[in-house]
Each structure stands twice: as C-alpha cells, then as structure tokens.
Amino acid sequence: MHYNCLIVDDEVELAKMTAEYFQMFDIKTEYVDSASACYEFLDKNDIDLLLLDINLGDGSGFEVCKKVREDYQLPILFISARQSDDDVLVALSIGGDDYIKKPYSLAVLLAKVKLNLKKVEQLKELSSKEVTTSGKDGEAGVIQLDESTLSVILNGKRIGLKAKEFALLKCLYNHKNAIVTKDALFEEVWGDTFYSDGTLNVHIRKLREKLEEDPNNPKYIKTIWGTGYIFEETDK
C-alpha cells in the first residue's frame, strides 16, 4: 500500500493528532511508535516521506535514519524535543533533510511536508517518463543504469530501485557476461563477506521481480549454483 507520510514517534497521541491533521489535507498518513514497527511498515508499504523522532522506546531515530538511508531515497524530517545544535547537526549529517523542534506548529509542519512531497512528485514525474533506448541497429532492449535517480532503463521504461538493489545490479552489470561470486558481491555491495546467503537471495529476487518478465525463468540475472550470479546481456 502507498502512503504519503509515515510518522515514527513514541508520543502516540501527538503522532495520531498529526496524522489526522495531515489527512484533512489529503496527505495519506500513518504512524508507528517504534523503530521495529517502522522497519516492518517499510517492508510492507511504500511511503513518500518519513517524519522521525529521535527518542524511540526500542532505539534511536539516528540509527533508524542511517538504516533507512541504505535502501530508500526519500525525504526524512526529524521531529524532536531535543533542542541542542549538536542534535540538529547529527540529524542533518546522517541524511536528515530537516529538523523540526517540538512543540511544533501543525501548520508549519504541514507546509514543510507539502514542500517535500511536491519535490517527490516532481521526481516521480521525471522518472516515469518513457526513455527511448536503442541497441545495435536501433533495436530497443539495451539496459542503462542511472545512478542519479537510482533507476534502470529497460526497454524504454524507467524502473526505480532501492539503494542496495541498485548497487547489486551495478556490480553485476559492470561484470556482465561473467560470473560474480557471492563473496565478491558481499564485499562490493555490503562492504564485507559476513552476510548470509539469505540477504543476497532476497535482493536478487526483488531485482528479478522488477526487471524480468518471468522472475522464475530469468533472462538477465542468472544463478550459477554454488558459485554466484551472472548478468547476461547479448548484443542484438
């Protein structure tokens, strides 16, 4: 399901009131009260913008921001009662787009959210435009990677990817038509070789679901059992 805004705040009444206020202005909003609930929500839903408190019962909003930034390109606005400049600087340095101090004005917060959602919508419109690509002799089908928007252009269509999905595809694409071992993928994409095969398998599956006509019979991303994966792209 798609939401314009997710509020992550353990002050449940404030989060509920803010969500209800946003709904009055046709901003589809949901709220959760913990870091774990935030991760679970993001796994099951698409959101355009995150409003994030720092002090959460099961973790820090700073850690949530860093983790979300690994996989998602979306505005993150901190909402916190913490007033120090150090907190503001940390929030902005780890990927926050704004810092709103509590108690906040609902009208001012709404204005900031609307501004960021407008930017998101403009980027979506740009990314959704069909892009004409051509292969040898003018035939469509060549895959192109666009790192500026974390997207891939396939058969004239732009497909948005999460950060780790894009990094994984980029690694495979840079070694296309050659086998890339699992250890090499872990090292290049995740930074070490100590992740489980399950992590890699999930990301490969998600890439196939986005790129392949038949994910169960992939044309591009193929498994080399016991070794790794290969991205196959033959010249037309």
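Residues numbered from 1 in each chain as written. Predicted model: local features only at pLDDT ≥ 70, side-chain atom pairs only at ≥ 80, totals over all residues. Heavy atoms only, no water.

Observations regarding the pairing of strand S10 (residues 157–160)
Alright, step 1. Bridge analysis of strand S9 (residues 151–154) against S10 gives 4 bridges, and the strand direction is antiparallel. Residue pairing across strands places Ser151 opposite Gly160, the latter belonging to S10.
Alright, step 2. Between S9 and S10, which pair antiparallel one after the other, the connecting turn spans 2 residues, and Asn155 there sits at a positive phi close to 55°. (Pairing = 2+ DSSP bridges. Helix = DSSP H or I, 4+ residues; strand = E, 2+ residues; numbered from the N terminus.)

As for the nonpolar core
Alright, step 1. Ranked by internal contacts, the top residues of the largest apolar core, which has 26 residues, are Leu172 and Ile221.
Alright, step 2. Secondary structure elements with two or more residues in this core: S9, helix H6 (163–174), helix H7 (182–190), helix H8 (197–211) and strand S13 (228–231).
Alright, step 3. The contact partners of Ile221, leaving out residues within four places of it in the chain, are Leu169, Leu172, Ile204, Leu207, Arg208, Leu211, Glu212, Ile230 and Phe231.
Alright, step 4. Of all hydrophobic cores here, the second largest spans 24 residues; its members include Tyr3, Val32, Leu74 and Tyr99. (Core = buried A, V, L, I, M, F, W, Y, C linked by side-chain atoms within 4.5 Å. Buried < 20%, exposed > 50% of the residue type's maximum accessible area, 1.4 Å probe, protein only. Contact = heavy atoms within 4.5 Å.)

Side note on the side chain of Ser34
Alright, step 1. As for its position among the elements, Ser34 is in the loop between strand S2 (29–32) and helix H2 (35–44).
Alright, step 2. A distance of 3.3 Å separates the side chain of Ser34 from the side chain of Ser36, its partner in a polar contact.
Alright, step 3. Here the side chain of Ser34 touches Ala37 through a polar contact of 3.1 Å, landing on its backbone nitrogen.
Alright, step 4. Excluding residues within four positions of it along the chain, Ser34 makes contact with Val8, Leu56 and Asp58. (Polar contact = N/O pair within 3.5 Å; in protein donor to acceptor, adjacent residues only side chain to side chain.)

A word on the environment of Glu40
Alright, step 1. Within the secondary structure, Glu40 is located in helix H2.
Alright, step 2. Here Lys44 takes part through its side chain, which lies 3.2 Å from a polar atom of the side chain of Glu40.

Let's talk about the pattern of salt bridges
Alright, step 1. Scanning all chains against the criterion turns up 13 salt bridges.
Alright, step 2. With a closest N to O distance of 2.8 Å, Lys102 and Asp9 form a salt bridge. Of this pair, Lys102 sits in the loop between strand S7 (98–101) and helix H5 (106–128) while Asp9 sits in the loop between strand S1 (2–8) and helix H1 (12–23), and the two are 93 residues apart along the sequence. The same class applies to Lys102 and to Asp9, which are both buried.
Alright, step 3. Between Lys170 and Glu147 there is a salt bridge; the shortest N-O distance is 3.0 Å. Of the two residues, Lys170 is situated in helix H6 and Glu147 in the loop between strand S8 (144–146) and S9; the sequence distance between them amounts to 23 residues.
Alright, step 4. Accessibility expressed as a relative area gives 29% for Lys170, which makes it partly exposed. (Salt bridge = Lys/Arg side-chain N within 4 Å of Asp/Glu carboxyl O.)

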